[in-house]
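Below are the chains, spelled out letter by letter.
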Amino acid sequence: MADTLWIHYALPRTAWYVLDEAEQRAARERWAAVREASLAAGATTTGPYTVRGQSDFSTAEVWTFPDADAAWDHWERLTAAGYARWFETANNLGTRAGAS
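Note that the structure is a prediction, hence the values are computed from the model and not measured. (Residues numbered from 1 in each chain as written. Predicted model: local features only at pLDDT ≥ 70, side-chain atom pairs only at ≥ 80, totals over all residues. Heavy atoms only, no water.)

Enquirer: Before we move on, can you summarise the pattern of salt bridges with the specific residues and values?
Expert: Across all of its chains, the model carries five salt bridges by this definition. Between Arg96 and Asp3 there is a salt bridge, and its shortest N-O distance comes to 2.9 Å. Of the two residues, Arg96 is situated in the segment after β5 (87-95) and Asp3 in the segment before β1 (4-12); the sequence distance between them amounts to 93 residues. With a relative accessible area of 44%, Arg96 lands in the partly exposed category. Overall, the relative accessible area of 23% leaves Asp3 in the partly exposed class. A salt bridge links Arg35 to Glu61; the shortest N-O distance between them is 3.1 Å. Remark: Glu61 occurs in strand β4 (residues 59-65) and Arg35 occurs in helix α1 (residues 21-40); sequence separation between them is 26 residues. (Salt bridge = Lys/Arg side-chain N within 4 Å of Asp/Glu carboxyl O. Helix = DSSP H or I, 4+ residues; strand = E, 2+ residues; numbered from the N terminus. Buried < 20%, exposed > 50% of the residue type's maximum accessible area, 1.4 Å probe, protein only.)

Have a look at this one:
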């Protein structure tokens with residue numbers, strides 16, 4: 001049962017727009033591999049969503065993970081793949097009410 005919820009907010013940094021199309025594509029492919037590995041390990045996602053209105057971010061992703069360690073592992077692999085270099089982010093992590 002997935003008892004850990006992770007909400008991830010992102011906004012491209014200005015430098016992201018300076019990269020050429022091939023560099024952006026290569027980065028997206030690395031991040032897609034991280035996401036696919038997390039999905040294969042039992043995570044689920046219902047995002048990404050475009051954020052509208054009063055927000056510091058342009059996208060949000062909602063994920064569930066089997067536990068907090070799996071969510072942390074996902075984030076560490078995204079970071080190792082260069083994600084945080086190109087995007088401003090904020091993350092919320094929570095557990096199911098009543099879960100230990």
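Still to come is the rest of the account.
Enquirer: Quick one: what's the story with the layout of surface pockets, residue by residue and with numbers?
Expert: By rolling a water-sized probe across the atoms, one finds the places where empty space is left. Estimated volume of the largest pocket: approximately 360 Å³. If you go around the largest pocket, you meet 17 residues; those closest to its centre are Arg35, Pro48, Thr59, Glu61 and Tyr83. When contributions to the lining of the largest pocket are tallied by element, the ones reaching two or more residues are β1, α1 and β4. Tallied by class, residues from the lining of the largest pocket come to nine nonpolar, five polar and three charged. (1 Å grid on protein atoms, 1.4 Å probe; cavity = no way out; pocket = protein on both sides within 12 Å on 5 of 7 lines; lining within 4 Å. Points joined across faces, edges and corners; volume = space filled by probe spheres on them. Nonpolar A, V, L, I, M, F, W, Y, C, P; charged D, E, K, R; others polar.)

Enquirer: Mind laying out the nonpolar core, listing which residues take part and the relevant values?
Expert: One finds Trp16, Trp31, Leu78, Tyr83 and Phe87 to be the most contacted residues of the largest nonpolar core, which totals 17 residues. Broken down by secondary-structure element, the contributors of at least two residues to this core are β1, α1, β4, α2 (68-80) and α3 (83-86). For Tyr83, the contacting residues outside a window of four places in its chain are His8, Ala10, Trp31, Arg35, Trp75, Leu78 and Thr89. (Core = buried A, V, L, I, M, F, W, Y, C linked by side-chain atoms within 4.5 Å. Contact = heavy atoms within 4.5 Å.)

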